[in-house]
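Per-entry structural report
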Amino acid sequence: TILFVFMFNVSCECLAGKRYEIVVLPFRDNTQMNLGEMISDILRSLVTQTGYFESVDRDKIYETVITVLADNLIIVDNASRVGGEFSANQIDLISRLDRKSIQQFCKKLRADYALKGSVSRLGDYLRIDAEIIDVKENKMLGFVDAEGKSEVLLTEILQDLTSKVTLFCRNLNAYDDALFVLGQYNQGQYTFHAAEKKLKELVSEVQDSIGIHAVLMTLYLSTNSEINSLLVKQDSSCEMGEKIIEEGEAILNLLQNSFDEKFLEVFLSSGLDPFEEVAKIYVKRGNREKAIEIYQNTIRLYPINLVSHYKEIGMLYIQEGMEEDAIQALEKSLDINSGDNELRYVLTELLKKNKLRERARKHLEEYMKFARNADEIKQVREKINDLEVSFH
């Protein structure tokens, strides 16, 4: 049966390309069936087959345990290993180690995680409980369990447990895995299609992760910049535009319910404004109404680059004849960045057109504070005088 399980191919591939080191300790055996070490041996094989983990070899684990906990082993067994094998008492001791001791020797093994647990028998059923430990942080991350009839222990129960451990860690590491994929793409280790495939698989696993969507969006935006800088087929640009729109709107929908600062890290480090890019694609396609909707949602949900967002939506309002809304948007942009005289000039002309002369005068006076030379100051004064004449 053990041979069958070792040969069994778990149909699960590593989604991110990054493998995490995991130490699987002997399980505490409450069944008196000598299952503790056998379970850990099989689990090492199964977690390695997932492609997500790299399991530390059993001999390497025990060798390291001896260097850290030699005194404890002697107290329990009062004898050295015979023929390189551990006694039942020594194995039982390792299965009972506290978290601090586990961290001690797992750090020496440079492991990311440790898996410990117990197996119990309840009538015809066996139950396996496992604790997932973060070695670097020395903290318990969570528990998973699996149970079933004893005769299917080595197939269904352990496969079920392996799937739960993998899924738990995959969800935990999804954002870091996504960053790893993007890094590999930027270094030329992954093609665009390989990176996109891996990131989409991560998105499907953790659908509500704004961070992973942000990484995928960054991949699309950076690739789109390359497409625009080259003379490529229009079809390629349109296809990438659709992908950018899809991801941008997905992120905005997720932001309706929660705000995850991780997605800010990705966009700020890339220097890209994802939602402005979405809006510009809509404008390029002649859909100003949809572009305005994107800007409205962005201003409400994304507290970055508000100067540009208010400015761009204000200009779109002008094109759509929504002059009152345009005035409000442009004034908000100038409230944040008062030195944009080109925008202030547009606003002044709009205020004059709507017979809001007093507000126009105030903006012209503000304009003079940021004038670049004497000629510009002179021109602004003339505009103020013209405004006074028209007012009277």
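One finds Leu 199, Leu 219 and Ile 244 to be the most contacted residues of the largest nonpolar core, which totals 59 residues. Top contributing element to this core by residue count: helix α8 (residues 210–229), with ten residues.

Moving on, we get to the environment of Arg 44. Mapped onto the elements of the fold, Arg 44 is located in helix α2 (residues 36–49). Along the chain, Arg 44 and Val 23 lie 21 residues apart, while their C-alpha atoms are 8.2 Å from each other. Contact partners of Arg 44, with chain neighbours within four places excluded, come to Val 24, Ser 55, Val 56, Arg 58 and Ile 61.

The next thing to look at is unusual backbone geometry. Positive phi, close to 60 degrees, is recorded for Asn 305, a residue that is not glycine. Relative to the elements of secondary structure, Asn 305 occurs in the loop between α12 (288–301) and α13 (306–319). Judged by its relative accessible area of 33%, Asn 305 is partly exposed. In this structure, Lys 355 takes a positive phi of about 60 degrees despite not being glycine.

Take the confidence of the model for the protein next. On average, residues of the protein carry a pLDDT of 83, and 84% of them reach 70 or more. Mean pLDDT values for the elements of the protein range from 40 in helix α1 (residues 2–7) up to 96 in α13. Here residues 74–83 is a poorly scored stretch, pLDDT under 50, and it has ten contacts once near neighbours within four places are set aside; other chains count.

How two helices pack is summed up by the angle between their axes together with the distance between the axes. The contact between helix α14 (residues 323–336) and helix α15 (residues 341–353) brings their axes to 10 Å, and the two run at 145 degrees. Crossing of α14 over α15 shows left-handed handedness. Contact residues: Glu 323, Ala 326, Ile 327, Leu 330, Glu 331, Ser 333 and Leu 334 in α14; Leu 343, Arg 344, Val 346, Leu 347, Leu 350, Leu 351 and Lys 353 in α15. In the contact of α14 with α15, the residues fall into nine nonpolar, one polar and four charged.

Turning our attention to the pairing of strand β5 (residues 125–134). Across the ten residues that make up β5, a large majority, seven, are buried. As paired elements, strand β4 (residues 113–122) and β5 share ten bridges and run antiparallel to each other. Of the residues in β5, the one forming a bridge with Ser 120 is Arg 127. Hairpin geometry of β4 and β5 is characterised by an intervening segment of two residues between the two adjacent antiparallel strands and by a positive phi of about 65 degrees at Gly 123. In terms of strand pairing, β5 meets strand β6 (residues 139–149) through ten bridges, oriented antiparallel. Note on β6: the bridge partner recorded for Glu 131 is Phe 143. Here β5 hands over to β6 after four residues, with Asn 138 in that stretch at a positive phi of 55 degrees.

So, on to the packing of aromatic side chains. Going through the model one piece at a time under the given rule, you end up with six aromatic pairs. Residues Phe 267 and Phe 275 carry aromatic rings whose centres are separated by 6.4 Å and whose planes lie at 75 degrees to one another, so their mutual orientation is edge-to-face. Accessibility assignment for this pair places Phe 267 and Phe 275 in one class, buried. By way of ring pairs, the aromatic residues Tyr 20, Tyr 52, Phe 53 and Tyr 113 are connected into one cluster. One cation-aromatic arrangement involves Arg 170 over Tyr 52; the distance from NZ or CZ to the ring centre is 5.2 Å.

This next bit is on the layout of surface pockets. The calculated volume of the largest pocket comes to roughly 240 Å³. Surrounding the largest pocket, 13 residues form its lining, Tyr 113, Asp 134, Leu 172, Asn 173 and Asp 176 being those nearest its centre. Broken down by element, the lining of the largest pocket gets its largest block of residues, four residues, from helix α6 (residues 153–186). Here the lining of the largest pocket is composed, by residue class, of five nonpolar, one polar and seven charged.

Rules used in this analysis
Residues numbered from 1 in each chain as written. Predicted model: local features only at pLDDT ≥ 70, side-chain atom pairs only at ≥ 80, totals over all residues. Heavy atoms only, no water. Core = buried A, V, L, I, M, F, W, Y, C linked by side-chain atoms within 4.5 Å. Buried < 20%, exposed > 50% of the residue type's maximum accessible area, 1.4 Å probe, protein only. Helix = DSSP H or I, 4+ residues; strand = E, 2+ residues; numbered from the N terminus. Contact = heavy atoms within 4.5 Å. pLDDT = per-residue confidence, 0-100. Axes fitted to C-alpha atoms, helices over the stretch in contact; angles between N-to-C directions. Left-handed = near helix turned anticlockwise from the far one by under 90°. Nonpolar A, V, L, I, M, F, W, Y, C, P; charged D, E, K, R; others polar. Pairing = 2+ DSSP bridges. Phe/Tyr/Trp six-rings, centres within 6.5 Å; stacked < 30°, edge-to-face > 60°. Lys NZ or Arg CZ within 6 Å of the ring centre and 35° of its normal. 1 Å grid on protein atoms, 1.4 Å probe; cavity = no way out; pocket = protein on both sides within 12 Å on 5 of 7 lines; lining within 4 Å. Points joined across faces, edges and corners; volume = space filled by probe spheres on them.

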